[in-house]
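Spelled out, the chains give:
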Protein chains: 2
Amino acid sequence: MYNISSSSKTPLHIQLFKQLKQDIEQNFKAGDKLNSIRKVASLYNLSKNTVESAYSQLVAEGYIESYPKSGYLVTDTYYKDSQTTISSVIIQENEKENYLYDFIPARLEKGSFPLKLWKRIFTKVIDESLDFGTYSSGQGEFALREQIAKYIIQSRGVKCQTNQVIVCGGLADSLSILARILHKTHNTLAIENPGYYVAKNVFESFGYNINKIPLDENGISIEALNLTNAKLVYTTPSHQYPTGVAIPISNRLKLLHWAKDKDALIIEDDYDSELSYDNRPIPSLQGLDKNDKVVYIGTFSKSLCATLRISYMVLPQHLMKEYNKLYDAYFSSVPLMMQKTMEHFMSEGHWDRHLRKIRTLNRKKHNLMRSLLKDTLCNTIKIESSGAGLAILINPTVDFDWDKLKKITKEKKMKLYFAKDKSGGDWEAIRMGFGGFTEKELPLAMKVFFKIWEQCIVK
Amino acid sequence: MYNISSSSKTPLHIQLFKQLKQDIEQNFKAGDKLNSIRKVASLYNLSKNTVESAYSQLVAEGYIESYPKSGYLVTDTYYKDSQTTISSVIIQENEKENYLYDFIPARLEKGSFPLKLWKRIFTKVIDESLDFGTYSSGQGEFALREQIAKYIIQSRGVKCQTNQVIVCGGLADSLSILARILHKTHNTLAIENPGYYVAKNVFESFGYNINKIPLDENGISIEALNLTNAKLVYTTPSHQYPTGVAIPISNRLKLLHWAKDKDALIIEDDYDSELSYDNRPIPSLQGLDKNDKVVYIGTFSKSLCATLRISYMVLPQHLMKEYNKLYDAYFSSVPLMMQKTMEHFMSEGHWDRHLRKIRTLNRKKHNLMRSLLKDTLCNTIKIESSGAGLAILINPTVDFDWDKLKKITKEKKMKLYFAKDKSGGDWEAIRMGFGGFTEKELPLAMKVFFKIWEQCIVK
């Protein structure tokens, strides 16, 4: 006997469906016949429609079938072993470890994102004229691509037209697109060693072989590259990751000649070149190229906000055909709202102003960290790289107890970052990020670091 | 002679740098010596610092080098052939074709997105407490995952804990993650034929072999699946793409048994099951599984907004280890701001309310289209699939001139969608999307369609 109550919040046909289902699971076997709709309606004083709805749902879920002349029969009882209880237990995940002093090399101050401005633009430009009813262009909104093109042409010397710009959701997204469109023609990626692990990982996941090319004092060794058969190379020419080397003009041209001679392609990752403190940023490699051999990749993550997930890529014209073929049915990974807000943020001049502000702010902290390092640690350290980005790279010049360093920093809740941990290879340096500290916090954190450093020098 | 003007907006050292650079490019050869800093300062009445800055930039870009005792010498002249003019020409792309009547099967009405509400939540919850200074968890924010878990447990019968939920940027993103973490153990994907082309494309791009499995009246043929060696299958059990078949309970259990027997994995794409009009949505396959053999994938694209780019995936616990290993250093592809707004949209009950509203709205249009089709085209059509999603699938039951259909619709600026075009295989149907029309527009568009249909019947 079912319990169907008209005072319940659950609709009648659902109450009936649930109880019928339970009844079938517990008491019926395959081929058993259900009461007719008319009979059930009369038994429980329900409308015929209500019972029909319940039966229809049982049919849809495959519990019963309707046979002409026979009525509704239970399907095979295979489902009997499937009775499960749904666990709604939600467990809390472990909290991330909390550090007192975190020298993370890829972060900006918490308050540096222009939140109020962003919100103002967002509420102003996100309106009914935008189509939220369907997917938007995989390549990104034209107006945003236009802004990006203008910016990289002016500030980075990139040569491009708006139709070559692709809006991406971060470096890994850009590289995945590339790995897909190049796979017909390439199966090996040459990469700087040490180099950026994300590039290696992405191309490996698409089945590429990885060819590690050593660095010399001018960045990637073109001699070593020439000895391989690679026709595709990933490089960070303006600020090598992690060593910080910039490829000088003569080697840039050699690299472009290599690409021309071998009919090869260069992926230029220009990830943080806008953060240059000692000199003006070096113009892009792509801008020097006359043979359409460079893919240019940039991002807003380093100077504006990493969690916006907006980056961009410029493809040579000859790759656009394959791109359009493969990505015809794809959708941009960047939400329309974010694209629209970013577009106006740029077109109204806020991006340029923000860049100047963020560069000045980080230059101050960079200079402060560099002079503190030099003045306090004197000749016990070597500065491997400085002048750009969000970290200064150092190594000890004296006998040094690395294990002790790791032990004490852990005790003191200090987080340090080491080049080797992520880039592979033998090249080591401590990557001292300054971007996340305020100007006030930085000297305090450095003071604690200096004390630890002292203790790790082997005397 | 350089032209350095203190009344220019360009800083002095940049004016000097640019003119030096041009001079070197045009008039110097490798090894040529530049004037000393002191001399240039005196010649142009500049401070020594200004000249040093300009020289330092030339060194950084590799034009000159500093040699002890010799001063600044021009590096090799390799770069001479690189002089290029930066093209700032920005060309307009071709506009998308504009249709008068677009029966697109995957869209909602333009005004159906709750824009005002979204903006209100956005401005309320996006505040300084959020950390925009660095990358956020690759798996997605815990609080959003918690909301998603609650929703799919309650509405879809999914069994999961919050730590199994991954926030993704759309189906292709979910599938790419899966293709990566399964690649060590799987190299073949079985997929419904006809089936969803995006799934096929993504796995192919990661080097998987594709094994096409035919459908029978109960969805994917488990007999055919059993004849293969595949240990991984992609399926849309609640609303097969494109045929609309739902797998009944008995076959769901057979599919789960297959996975258990073969130690295989099922990818359940539950893309639009919340849009069910004739019956309540069928509970998920994942919820029936007792052996951790199902990956569950869902999205907000079909009922809320496709350009939000938010979807989700539930991994079996045994895959979390590989996921955490591979995605340890990755960042969520969904912007923190969107995650936070979505979280509050759900936790404040708006998502449930919106779902009810959107389901009612589309049920009306679905029923209207279905009765118009039946009443007007009578026995010249067969409805292949209806009752769910955003389209009704039809085929002619009479001799029909398909070429004429394509010709006339083009003339009348009407866009129709055909199953074969994207899914491959022999299965054909016209996918009549109703989601994009308003209730007023729909009968008008149908009227035009009916006229065209009449003309294409071969008499």
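No experiment lies behind these values; they were computed from the predicted model shown.

1. Some details on the overall build of chain A
Argument step 1. Along the backbone of chain A there are 15 helices and 15 strands.
Argument step 2. Taking 23 Å as the expected radius of gyration for a compact globule of 459 residues, we find that chain A reaches 31 Å, considerably beyond that expectation.
Argument step 3. Oriented by its inertia axes, the alpha-carbon framework of chain A measures out at about 95 × 55 × 50 Å.
Argument step 4. Counting the 459 residues in chain A, one finds 58% classified as buried.
Argument step 5. On chain A, the mean spot of the 62 positive side-chain charges and the mean spot of the 51 negative ones are 3 Å from each other.

2. Some remarks on the relation of the copies chain A and chain B
Argument step 1. Expressed as a screw transformation, the operator carrying chain A onto chain B has a rotation angle of 180 degrees and an axial translation of 0.0 Å, and the superposed copies differ by an RMSD of 0.1 Å. This pairing of chains is accounted for by a two-fold axis. The C-alpha atom lying nearest the rotation axis in chain A is that of Phe206 of chain A; the distance is 2.4 Å.
Argument step 2. Of the interface residues in chain A, 100% have counterparts in chain B that sit at the interface too, so the contact is made through matching surfaces.

3. What to know about the domain arrangement of chain A
Argument step 1. Examined at the domain level, chain A breaks down into domain 1 (12–78), domain 2 (101–112 + 352–456) and domain 3 (115–351).
Argument step 2. If you average the C-alpha positions of domain 1 of chain A and of domain 3 of chain A, the two centres end up 59 Å apart.

4. Overview of the sheet that holds strand β13 (residues 391–396) of chain B
Hydrogen bonds between backbone groups are what pair the strands of a sheet, and the pairing can be parallel or antiparallel.
Residues and elements named next belong to chain B.
Argument step 1. Within the open sheet, the three strands sit side by side as β12-β13-β15. Their pairing is antiparallel. Taken across any chain shown, the strands that pair with only one partner, and hence form the sheet edges, are β12 (381–385) and β15 (430–433). Neighbouring strand axes in the sheet, compared pairwise and without regard to direction, differ in orientation by 40 degrees on average.
Argument step 2. Of the strands in this sheet, β12, β13 and β15 are in contact with helix α12 (residues 350–377), which crosses β13 at around 15 degrees.
Argument step 3. Most of the contacts of helix α15 (residues 441–456) go to β13, to which it runs at about 15 degrees, and overall it touches β12, β13 and β15.

5. Section: the nonpolar core
Argument step 1. Ranked by internal contacts, the top residues of the largest apolar core, which has 138 residues, are Phe449 of chain A together with Phe449 of chain B.
Argument step 2. Excluding residues that lie within four positions of it along the chain, Phe449 of chain B makes contacts with Phe103, Leu373, Leu377, Ile394, Met414, Leu416 and Met432 of chain B.
Argument step 3. Counting 68 residues, the second-largest nonpolar core is a separate cluster that includes Tyr330 of chain A together with Ile166, Leu175 and Tyr196 of chain B.

6. Observations concerning the pattern of salt bridges
Argument step 1. Across all of its chains, the model carries 28 salt bridges over all chains by this definition.
Argument step 2. Via salt bridges that share partners, Lys184, Glu322 and Lys325 of chain A belong to a single interconnected network.

7. Observations regarding helix α13 (residues 402–411) of chain B
All names here are of chain B.
Argument step 1. Those residues of α13 not exposed but buried are Leu405, Ile408 and Thr409. For α13, the angular spread of buried residues about the axis comes to 100 degrees, placing them on one side. Turned more than 90 degrees away from the buried face of α13, the exposed residues are Asp403, Lys407, Lys410 and Glu411.
Argument step 2. Among the structural elements, β14 (414–415), β15 and α15 are those in contact with the buried residues of α13.
Argument step 3. The backbone nitrogen of Asp403 has a side-chain oxygen 3.3 Å away, supplied by the residue at the start of α13, namely Asp401.
Argument step 4. At the C-terminal side of α13, Lys413 shows a positive phi close to 55 degrees.

8. As for helix α7 (residues 197–205) of chain B
Argument step 1. Where α7 of chain B is concerned, the buried positions are Tyr197, Val198, Ala199, Val202, Phe203 and Ser205 of chain B.
Argument step 2. Positive backbone phi, approximately 90 degrees, marks Gly207 of chain B, located one or two places after α7 of chain B.

9. Looking at the pairing of strand β2 (residues 71–74) of chain A
All names here are of chain A.
Argument step 1. Summarising the sheet, strand β1 (residues 64–67) and β2 pair through four bridges and their orientation is antiparallel. Paired with Ser66 across the two strands is Tyr72, which belongs to β2.
Argument step 2. Adjacent in sequence and paired antiparallel, β1 and β2 are bridged by three residues, among which Lys69 carries a positive phi angle near 75 degrees.

10. Digging into the side chain of His186 of chain A
All names here are of chain A.
Argument step 1. Among the secondary structure elements, His186 is positioned in the loop between α6 (171–182) and β5 (188–193).
Argument step 2. By relative accessible area, His186 is classed as buried at 13%.
Argument step 3. Looking at His186, its side chain comes within polar contact range of the main-chain oxygen of Lys231, at 3.2 Å.
Argument step 4. Discounting chain neighbours no more than four positions away, the residues touching His186 are Tyr208, Lys231 and Leu232.

11. Some remarks on the packing of aromatic side chains
Residues and elements named next belong to chain A.
Argument step 1. Considering all chains together, one arrives at 42 aromatic pairs over all chains under this definition.
Argument step 2. Ring geometry for Tyr2 and Tyr44: centres 5.6 Å apart, planes at 10 degrees, overall stacked. A residue pair is termed long-range when its members are at least 10 positions apart, and Tyr2 in the segment before α1 (12–27) and Tyr44 in the loop between α2 (37–43) and α3 (48–60) qualify at 42 residues. Here Tyr2 and Tyr44 have matching classes, each one buried.
Argument step 3. Site record: aromatic cluster; members linked through ring pairs are Phe103, Phe400, Trp402, Phe418, Phe437, Phe449, Phe450 and Trp453.
Argument step 4. A cation over a ring is seen here: Arg180 above Tyr327, with NZ or CZ 5.1 Å from the ring centre.
Argument step 5. The residue whose ring lies beneath Lys406 is Phe418, and the NZ or CZ to ring-centre distance is 4.5 Å.

12. Things to note about the interface of chain A and chain B
Argument step 1. Listed per partner, the contact involves 106 residues of chain A and 107 residues of chain B.
Argument step 2. For the pair chain A and chain B, the summed buried surface comes to about 9100 Å²; carbon and sulfur atoms form 60% of the total.
Argument step 3. Where chain A meets chain B, there are two salt bridges.
Argument step 4. As a salt-bridge pair, Arg107 of chain B and Asp131 of chain A come within 2.9 Å of each other at their nearest N and O atoms.
Argument step 5. Between the two partners, chain A and chain B, sit 22 residue pairs in polar contact (both at pLDDT 80 or more).
Argument step 6. At the level of elements, α1, α3, α4 (115–125), α5 (142–156), α6, α7 (197–205), α9 (249–262) and α11 (336–347) of chain A are the ones that each hand at least two residues to the side of chain A that touches chain B.
Argument step 7. At six residues, the largest contribution of residues to the side of chain A that touches chain B is made by α5 of chain A.
Argument step 8. A class-by-class count of the residues in the side of chain A that touches chain B yields 49 nonpolar, 32 polar and 25 charged.

Here is what the cut-offs are and how they apply
- Residues numbered from 1 in each chain as written.
- Chains lettered and ligands numbered in written order.
- Predicted model: local features only at pLDDT ≥ 70, side-chain atom pairs only at ≥ 80, totals over all residues.
- Heavy atoms only, no water.
- Helix = DSSP H or I, 4+ residues; strand = E, 2+ residues; numbered from the N terminus.
- Rg over C-alpha atoms; globule rule 2.2 N^0.38 Å.
- Buried < 20%, exposed > 50% of the residue type's maximum accessible area, 1.4 Å probe, protein only.
- Lys, Arg positive; Asp, Glu negative; His and termini not counted.
- Charge placed at Lys NZ, Arg CZ, Asp CG, Glu CD.
- Least-squares fit on C-alpha atoms with pLDDT ≥ 70 in both.
- Contact = heavy atoms within 4.5 Å.
- Domains from an automatic or database assignment.
- Pairing = 2+ DSSP bridges.
- Axes fitted to C-alpha atoms, helices over the stretch in contact; angles between N-to-C directions.
- Core = buried A, V, L, I, M, F, W, Y, C linked by side-chain atoms within 4.5 Å.
- Salt bridge = Lys/Arg side-chain N within 4 Å of Asp/Glu carboxyl O.
- Arc of directions from axis to C-beta.
- Polar contact = N/O pair within 3.5 Å; in protein donor to acceptor, adjacent residues only side chain to side chain.
- Phe/Tyr/Trp six-rings, centres within 6.5 Å; stacked < 30°, edge-to-face > 60°.
- Lys NZ or Arg CZ within 6 Å of the ring centre and 35° of its normal.
- Buried area = accessible area lost by both parts, 1.4 Å probe.
- Nonpolar A, V, L, I, M, F, W, Y, C, P; charged D, E, K, R; others polar.

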